[in-house]
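# Coordinate analysis (summary)
Here is how the chains run, residue by residue.
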Amino acid sequence: MAEERVERARRGPGRPRQEHVTAAALDAVVELVAENGMSALTMDAVAARAGVSKPAMYRRWSTKQDLVIAAAESRIGPLTVPDMGDFRAELRAVLMARMEAYRQPGVARLLAGMIGTAAEADAEPGAYRAYTARVMSETRHVLERGVARGDVRPDVELSDAATLVAASLVFRMVGEQRLPDEALVVSVVDMIGRAVATRP
């Protein structure tokens, strides 16, 4: 009896959080979209693939849109790049991390599907914008740090520059149907650097 009370105290009140349910569901989303596209993605299909209950799914994501965004963010979420003392080195680090994330199995089709669903009539645009802002936040931070350090021009429109950086890899993958590679990263760093840096 005493051992049971100790165990309950260690766990805290209520049911222990089941992180494996979240991970299994998000993995299932990526797998289903990779295999059959967004049309195959339903809450029922994800629950069956993940081996979890629908109530457990709906406790975490109230809509399919929320689930898709969460799956994308599980593969391509926020990142942090340390101060390297050089804008180009930091931008390269951001793009290399994104390139590696985009090359994961199933990610290209998931992002293409997510972009498509964002244009649907019943989509909630604020949720997509919030996700995009989180994903692009480190690029903006790198640019802001460059301005403060003096190696990015202070007159640069940072939001536009961050969009150009993000769009390069995404369009290569979704629009051109080619996985981004290190050669593209090097080229983008060079071109963005020429456009915004205070020195050649």
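Our subject in this report is the structure included herewith. Predicted, not measured: the structure shown is a model, and the values here were computed from it.

Geometrically, a packed helix pair is captured by the angle between its two axes and the distance between the axes. Closest axis-to-axis distance for the helix H6 (residues 87-102)/helix H10 (residues 182-196) pair is 9 Å, and the angle between their directions is 145°. H6 and H10 meet at a crossing whose hand is right-handed. Here Phe-87, Arg-88, Leu-91, Arg-92, Leu-95, Met-96 and Met-99 of H6 lie close against H10, whose contacting residues are Glu-182, Val-185, Val-186, Val-188, Val-189, Ile-192, Gly-193, Arg-194 and Val-196. Split into classes, the residues belonging to the contact of H6 with H10 amount to eleven nonpolar, one polar and four charged.

Turning next to helix H3 (residues 43-50). Burial in H3 covers these residues: Met-43, Val-46, Ala-47 and Ala-50. Angularly, the buried residues of H3 cover 100° about the axis, an arc narrow enough to put them on a single face. Here the buried face of H3 lies against helix H2 (19-36), helix H4 (54-60) and helix H5 (64-75).

Further remarks concern the pattern of salt bridges. Following the criterion strictly, the structure yields 16 salt bridges and no others. The partner of Asp-27 in a salt bridge is Arg-75, and the shortest N-O contact between them spans 2.9 Å. Here the residue Asp-27 occupies a position in helix H2, and Arg-75 occupies one in helix H5, the gap between them amounting to 48 residues. What makes Arg-75 partly exposed here is its relative accessible area of 21%. In this structure, the salt-bridge partner of Glu-31 is Arg-49, at a minimum N-O distance of 3.0 Å. Pair noted here: Glu-31 is in helix H2 and Arg-49 is in helix H3, with a separation of 18 residues, a long-range link. Using a relative accessible area of 37% as the deciding quantity, one classes Arg-49 as partly exposed. In this structure, a network of salt bridges that share partners links the residues Asp-83, Glu-90, Arg-145, Arg-149 and Asp-151.

We now examine the nonpolar core. Among the nonpolar cores identified, the biggest contains 60 residues, and Val-46, Met-57 and Leu-111 are the most heavily contacted of them. For Val-46, the residues in contact, after removing those within four places along its chain, are Ala-25, Ala-28, Val-29, Leu-32, Leu-41, Met-57 and Leu-67.

An ideal rise of 1.5 Å per residue puts 24 Å on 17 residues; helix H9 (residues 158-174) measures up with 24 Å between its terminal C-alpha atoms. By the largest-angle criterion, Ala-167 marks the main kink of H9, which is about 30°. Regarding H9, the residues found buried are Leu-158, Ala-161, Ala-162, Val-165, Ser-168, Leu-169, Arg-172 and Met-173. Looking at the buried positions of H9, the neighbouring elements they touch are H6, helix H7 (107-118), helix H8 (125-149) and H10.

Right, let's get into unusual backbone geometry. Keep in mind that most residues, glycine aside, have a negative phi and that most peptide bonds are trans. Of note in the backbone geometry, Gln-177 takes a positive phi value of approximately 60° without being a glycine. Checked against the element boundaries, Gln-177 lands in the loop between H9 and H10.

Conventions and cut-offs
Residues numbered from 1 in each chain as written. Predicted model: local features only at pLDDT ≥ 70, side-chain atom pairs only at ≥ 80, totals over all residues. Heavy atoms only, no water. Axes fitted to C-alpha atoms, helices over the stretch in contact; angles between N-to-C directions. Helix = DSSP H or I, 4+ residues; strand = E, 2+ residues; numbered from the N terminus. Left-handed = near helix turned anticlockwise from the far one by under 90°. Contact = heavy atoms within 4.5 Å. Nonpolar A, V, L, I, M, F, W, Y, C, P; charged D, E, K, R; others polar. Buried < 20%, exposed > 50% of the residue type's maximum accessible area, 1.4 Å probe, protein only. Arc of directions from axis to C-beta. Salt bridge = Lys/Arg side-chain N within 4 Å of Asp/Glu carboxyl O. Core = buried A, V, L, I, M, F, W, Y, C linked by side-chain atoms within 4.5 Å. Expected span 1.5 Å × (residues − 1). Bend = angle between axes of the 7 residues up to and from the residue.

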